[in-house]
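So you can see what is in the structure, the chains are spelled out below.
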Amino acid sequence: MNTPSPRPSRVAPARAATLLRVESTPAGFPVALRRVLAGDLVVLSHGLRHLGHLPDMERLARAAVAHRLPGSPAVDAPLHELHRHADTRAVEAIRTDLETLLRPVGQRVLQDMTTALTPRETRLYLSDHLGIRIMPPLGTVTDRHELSSLDGFLTPRDAHVDSWFNTALNSVNLWMAVTPVRRGNGLVLYPDVFRSPLRHDGHTLLPGQDTGDPVDLALDPGDILLFAGDHLHASQPNTTDQTRFVVTKRFSAGPPRYPRRATGWVPYLDQRLLGTRLASLAPLRSRLTPAGLRHALRGHR
């Protein structure tokens, strides 16, 4: 799969995106979510380490490797060298196991990270989404045609905007590096066309459109990238010699607002109600949106 190339005819961005690297302070992470929703890209330097969750993620990843490959050198090897000791099917099985193993940790990360954001500008709604993205070097992946359902998780994903299919227009994505993310195996964003009208098939950008200059970020283990889900973005074909391991979560800044023509729908949970006796009501605001009601009607039919 190939990410779209810039075209000669440039689209004038409504506002230039800014890349900000933020360090933790005693008060938390100083991040203005309104800037993220306006298109800025924010990296919380070593955010997973500051929150104390990176060791848990690494431990559970190694447990999944040991379960699927007992006695293999992969058990003691660095996670970014997984492809040297595991074939594609083993990597797929490890990724599947981690969807269960990492779910509680992922939710704690989301709770802790959003609680640590300062200043608190709006009520937050947390998605149950969890993405385990273990992407070996492209040349080591076999049976690619059988892995199409894992585009963006095990194989590259072409350029898209999340709200085209199921997420809120005011979503913020967390892209959390467990292993090093290098230029050539990471995420590409196209800030020049942020919230521009783009032709798509409901899931993927249609070819022949100018996407402007791409932004290709490198992240250290533990870094957390925050970006608006309305950014056009794609996963790169991994042309490096390292397996890239990233975990993704998302939340909405304010009550979730869904596009009218999205191909799907997912709920977001009111953060204030989680862990209380009213937790069962946490998705109510999300379900009572027009998109939530349309989803319920489709299910009834």
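Structure: see above.
Residues numbered from 1 in each chain as written. Predicted model: local features only at pLDDT ≥ 70, side-chain atom pairs only at ≥ 80, totals over all residues. Heavy atoms only, no water.

Undergrad: Would you explain the overall build of the chain in this entry?
TA: Each helix and strand counted, the chain has 7 helices and 13 strands in total. Dimensions of the chain, computed from the C-alpha atoms along their principal axes, are close to 55 × 50 × 50 Å. Within the chain, the fraction of its 301 residues that count as buried is 54%. Considering only contacts in the chain between residues 6 or more positions apart, those separated by 24 or more positions represent 78%. (Helix = DSSP H or I, 4+ residues; strand = E, 2+ residues; numbered from the N terminus. Buried < 20%, exposed > 50% of the residue type's maximum accessible area, 1.4 Å probe, protein only. Contact = heavy atoms within 4.5 Å.)

Undergrad: It is not clear to me how the packing of aromatic side chains should be interpreted in this structure. Could you clarify?
TA: Given two aromatic rings, one states the distance between the centres and the angle between the planes to describe the pair. Tallying each qualifying case throughout the model produces 2 aromatic pairs. Both rings, one in Tyr258 and one in Trp265, keep their centres 6.1 Å apart while their planes meet at 45 degrees; by these two values the pair is tilted. The same class applies to Tyr258 as to Trp265, namely buried. One cation-aromatic arrangement involves Arg133 over Phe153; the distance from NZ or CZ to the ring centre is 4.4 Å. (Phe/Tyr/Trp six-rings, centres within 6.5 Å; stacked < 30°, edge-to-face > 60°. Lys NZ or Arg CZ within 6 Å of the ring centre and 35° of its normal.)

Undergrad: Got a minute to help me understand the pairing of strand β12 (residues 244-253) in this structure?
TA: On any regular strand, side chains alternate: one points to one face of the sheet, the next to the other face. The buried fraction of β12 amounts to 10 of the 10 residues, a majority that puts the element mostly inside the structure. Pairing of strand β5 (residues 124-127) with β12 involves 3 bridges; the strand directions are antiparallel. Residue Leu124 lies in a different strand from β12, and its bridge partner there is Ala253. Sheet topology places strand β6 (residues 131-135) next to β12; 5 bridges connect them, and they run antiparallel. By the bridge assignment, Met135 is partnered in β12 with Arg244. Inspection of the sheet shows strand β7 (residues 171-177) paired to β12 by 7 bridges, in the antiparallel sense. Directly across from Trp175, in β12, lies its bridge partner Thr248. (Pairing = 2+ DSSP bridges.)

Undergrad: Where do I start with the side chain of His160 in this structure?
TA: Among the structural elements, His160 can be located in the loop between β6 and β7. A polar contact is formed between the side chain of His160 and the side chain of Asp162, at a distance of 3.5 Å. What His160 contacts, discounting residues up to four positions off in sequence, is Phe165, His203, Thr204, His231, Leu232 and His233. (Polar contact = N/O pair within 3.5 Å; in protein donor to acceptor, adjacent residues only side chain to side chain.)

Undergrad: Please clarify how the sheet that holds strand β8 (residues 187-189) should be interpreted in this entry.
TA: Strand pairing in a sheet is mediated by backbone hydrogen bonds. Such pairs are either parallel or antiparallel. Spatially, 3 strands are ordered β9-β8-β11 in an open sheet, and the strand pairing comes out antiparallel. Looking at strand neighbours, the two that pair on one side only are β9 (215-216) and β11 (233-235), the edges of this open sheet. Sheet topology note: the β8/β9 ladder contains 2 bridges and is antiparallel. From the neighbouring strand, Leu189 faces β9, where its bridge partner is Val215.

Undergrad: Can you walk me through unusual backbone geometry in this structure?
TA: A negative phi angle is the norm for most residues apart from glycine, just as the trans form is the norm for most peptide bonds. Here the residue pair Thr118 and Pro119 is connected by a cis peptide bond, since its omega of -10 degrees sits within 30 degrees of zero. Positionally, Pro119 belongs in the loop between β4 (117-118) and β5. If you check the backbone angles, His46 has positive phi at about 55 degrees while not being a glycine. Structurally, the position occupied by His46 is in the loop between β3 (41-44) and α2 (47-51). In the Ramachandran plot, Arg195 falls in the positive-phi region, its phi being about 55 degrees despite a non-glycine side chain.

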